[in-house]
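Here's the letter readout for the chains.
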Amino acid sequence: QRPSRQSQNTDDNGLLYEKRPSGKFPTGKKHIIAHGKPRTASTLLFNMVGVSNFLYLRHHEPELVSYIDAKYVKDARDFHDGAKTTKIFKAHIDLSKFLKYDAVIFTTATTSNEAAAIKSRLKEEGHDVAYVQVMDTLKRVGIPRLAHDFANGYNLTDEDEMMLVEFMSKWEVLRQCCGEQMSKLWRNDLLPEAYTKEEMEHHPFCAD
């Protein structure tokens, strides 16, 4: 298992950690909410949470894996707490709607200052905040560092961390090159020439 380390408020890349023994995430919570404003890599966060939680359960509570319900929700009424299911929900709605549930929050911010403010506000409102993903930092350090943070938070093995990096790196390519969240650059490349926007650059790798 990964050696423990002393938790801290921020590291030198501006990432925020929960102040817990060894900086670990609150895995005792029944449900997980991956939250954030649109266009702040909240879908990346949702998938990172889901895969990391799966790896954690595989080691510690494998019998619970088949009870995971992971999806995007537009309304807190989709949250039925009475069932045996563990819910991992992505949401953009007001988090106060989830306060009555046994849930931990993973959320996003654009800058480190915004992240600190969001985390402080959510904790004051009574939420258990595990992690704030900072968009500016993510652009600098990429998926490998995010995977490292989650491997540390869930106390995963080095092998798990390597699998996280490989899986999420390939997922990020698929997200940009196909589906509803396709890159606008690649979408423009695919259009017939009569409809393309000449001022837009070509996508750097989807055509490779």
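Student: Mind showing me how you'd approach helix 4 (residues 158-177) here?
Tutor: For an α-helix the count is 3.6 residues per turn, leaving residues at separations of three or four pointing the same way. Taking 1.5 Å per residue as the helical rise, helix 4 with its 20 residues ought to reach 28 Å, and the 29 Å between its terminal C-alpha atoms agrees with that figure. When we look at burial in helix 4, the residues that qualify are Asp160, Glu161, Leu164, Met168, Trp171, Glu172, Gln176 and Cys177. Where helix 4 is buried, its residues meet helix 1 (42-60), helix 3 (135-153) and helix 5 (184-190). Backbone geometry just after helix 4 places Gly179 at a positive phi near 90°.

Student: Which parts of the structure should I look at to understand the environment of Ile143?
Tutor: Position of Ile143 among the secondary structure elements: in helix 3. Note: C-alpha distance between Ile143 and Glu172 (29 residues apart in sequence) is 8.9 Å. When sequence neighbours within four positions are dropped, the list of residues in contact with Ile143 reads Leu44, Met48, Val165, Met168, Ser169 and Glu172.

Student: What should I look at first to understand the sheet that holds strand 3 (residues 86-91) in this one?
Tutor: To summarise the sheet geometry, strands pair through backbone hydrogen bonds and adopt either a parallel or an antiparallel arrangement. Ordered by their spatial adjacency, five strands build an open sheet running 2-3-1-4-5, and the pairing between neighbours is parallel. Edge positions in the open sheet fall to strand 2 (68-72) and strand 5 (128-134), since each of these has one partner strand only. Here the strands of the sheet are splayed against their neighbours by 15° on average, with no regard to which way each runs. Summarising the sheet, strand 1 (residues 31-35) and strand 3 pair through four bridges and their orientation is parallel. Bridge pairing links Ile32 to Ile88 in strand 3.

Criteria and thresholds
- Residues numbered from 1 in each chain as written.
- Predicted model: local features only at pLDDT ≥ 70, side-chain atom pairs only at ≥ 80, totals over all residues.
- Heavy atoms only, no water.
- Helix = DSSP H or I, 4+ residues; strand = E, 2+ residues; numbered from the N terminus.
- Expected span 1.5 Å × (residues − 1).
- Buried < 20%, exposed > 50% of the residue type's maximum accessible area, 1.4 Å probe, protein only.
- Contact = heavy atoms within 4.5 Å.
- Pairing = 2+ DSSP bridges.
- Axes fitted to C-alpha atoms, helices over the stretch in contact; angles between N-to-C directions.

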